[in-house]
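# Chains, contacts and geometry: an overview
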Amino acid sequence: MDMLAVFTTVSSNDEAEVLARAAVERRLAACVQVEAIQSTYRWQGAIASEPEVRLMFKTSRALYPALEATLKSLHPYAVPAIFALPVVEASAEYEAWMEDAIGTGPAE
Amino acid sequence: MDMLAVFTTVSSNDEAEVLARAAVERRLAACVQVEAIQSTYRWQGAIASEPEVRLMFKTSRALYPALEATLKSLHPYAVPAIFALPVVEASAEYEAWMEDAIGTGPAE
Amino acid sequence: MDMLAVFTTVSSNDEAEVLARAAVERRLAACVQVEAIQSTYRWQGAIASEPEVRLMFKTSRALYPALEATLKSLHPYAVPAIFALPVVEASAEYEAWMEDAIGTGPAE
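An account of the accompanying structure is given in this report. Model, not experiment: these values are computed from the prediction.

## A word on helix α3 (residues 92–102) of chain A
Of all the positions in α3(A), only Y94(A), M98(A), A101(A) and I102(A) are classed as buried. Buried residues of α3(A), seen end-on, are gathered within an arc of 75° and therefore sit on one face of the element. Of the exposed residues in α3(A), the ones pointing more than 90 degrees away from its buried face are A92(A) and D100(A). Looking at the buried residues of α3(A), the elements they touch are β1 (3–10), β2 (31–43) and β3 (46–60) of chain A together with β4 (83–86) of chain B. Backbone geometry just after α3(A) places G103(A) at a positive phi near 50°.

## Digging into the relation of the copies chain A and chain C
Here chain A sits on chain C after a turn of 120° about the axis and a move of 0.0 Å along it, with an RMSD of 0.0 Å. Interpreted geometrically, this transformation is the action of a three-fold axis. The two copies present different faces, since only 12% of the interface residues in chain A are matched by interface residues at the equivalent positions in chain C.

## Some thoughts on helix α2 (residues 64–74) of chain A
Where α2(A) is concerned, the buried positions are Y64(A), L67(A), E68(A), T70(A) and L71(A). One face of α2(A) carries all of its buried residues, which in axial projection span an arc of 165°. Away from its buried face by more than 90 degrees, α2(A) exposes P65(A) and S73(A). Summarising the contacts, the buried residues of α2(A) are in contact with β1, α1 (13–25), β3 and β4 (83–86) of chain A together with β5 (89–90) of chain C.

## Section: the nonpolar core
A general trend in soluble globular proteins is that nonpolar side chains are found buried together. Judged by nonpolar contacts, the single largest core of 115 residues is most densely connected at F57(A), F57(B) and F57(C). Once residues within four sequence positions are removed from consideration, F57(C) is found in contact with L4(C), A5(C), V6(C), T8(C), L19(C), A20(C), A23(C), A29(C), C31(C), V32(C), L67(C) and L71(C).

## Describing the packing of aromatic side chains
One pass over the structure, following the stated rule, counts nine aromatic pairs over all chains. Measuring from centroid to centroid gives 5.7 Å for Y94(A) and W97(A), while their planes differ by 15°, and the two rings are stacked. Taken together, the positions of Y94(A) and W97(A), both in helix α3 and three residues apart, correspond to about one turn of that helix. Judged by its relative accessible area of 24%, W97(A) falls in the partly exposed class. Measuring from centroid to centroid gives 5.4 Å for F7(C) and F83(C), while their planes differ by 15°, and the two rings are stacked. Of the two residues, F7(C) sits in strand β1 (residues 3–10) while F83(C) sits in strand β4 (residues 83–86), which places them 76 residues apart along the sequence. Residue classification places F7(C) among the buried positions, given a relative accessible area of 6%. Pairwise contacts between aromatic rings join F7(A), F83(A), Y94(C) and W97(C) into one cluster. In this arrangement the basic side chain of K58(B) is found over the ring face of F83(C), its NZ or CZ atom lying 3.8 Å from the centre.

## Details of the relation of the copies chain B and chain A
When chain B is brought onto chain A, the operation consists of a screw motion whose angular component is 120° and whose axial shift is 0.0 Å, with 0.0 Å RMSD remaining. An asymmetric contact is evident, with only 12% of the interface residues of chain B recurring at the interface of chain A.

Definitions and cut-offs
Residues numbered from 1 in each chain as written. Chains lettered and ligands numbered in written order. Predicted model: local features only at pLDDT ≥ 70, side-chain atom pairs only at ≥ 80, totals over all residues. Heavy atoms only, no water. Buried < 20%, exposed > 50% of the residue type's maximum accessible area, 1.4 Å probe, protein only. Helix = DSSP H or I, 4+ residues; strand = E, 2+ residues; numbered from the N terminus. Arc of directions from axis to C-beta. Contact = heavy atoms within 4.5 Å. Least-squares fit on C-alpha atoms with pLDDT ≥ 70 in both. Core = buried A, V, L, I, M, F, W, Y, C linked by side-chain atoms within 4.5 Å. Phe/Tyr/Trp six-rings, centres within 6.5 Å; stacked < 30°, edge-to-face > 60°. Lys NZ or Arg CZ within 6 Å of the ring centre and 35° of its normal.

Pasting the structure below:
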């Protein structure tokens, strides 16, 4: 399986739970890991710094388009950060678990 | 050096410390970073959400098999998540520090 | 845009804020995410474990050399960890937002 770690951020744990549950329920991600972060970025010409929550979705390259579309449809932000890093090694047992969890495509 | 960021998760800081110390002591990782996360996944047909602890090991591609084997042998889970992301840029000084810390193979 | 997630660690949120603001102000990163971690590593022959703060900078491959140089010039450590992971997928809207934030080079 060509695996990816997909990331997005939201502003609260409640918002994060909505995205995490949807992705796992629809078998678009095998698991989702959520953590507290502080984000610094440029907003309307000034430097802003806000607490946020980051999500890491473990999925396959084949499912990335469907996961991205689902995140966009459910996301509270107008332009959410959605990006993916490539997995280049994984234990065989974990890979088998991932395949069992998300197979090769979204639930019908 | 062909560097990797290797990830696994456990359920407590004590469990994390066992894996982190073993990897550094055996020179299978130059450093290990541990953080609190909340994990959502499918378990026996239902969606589960549990606090976990994620570890990021900085190592070389050459050492990945030995690190994976060590993590499996010490890990409290039956099927732990063990996967790696590729490092494509690093400062020369940091790379030298990594080589000094883990050389090219595990301690004899 | 050839995107990267660049990481470094410092020992406090105040130190993190200096690096995060400088990178965004100089348009060397579109955003910076900061989180609390615990680091384990070898120090003067012994295994050390210290609380740290990790930063993830979202930038372009073209800007990596300038970001690395800036982080080195401002970093409180003698040999900081500075490394980058490759982004292989991103939403078109997020990529456009990144290009708007950091264009193709540092602010003149």
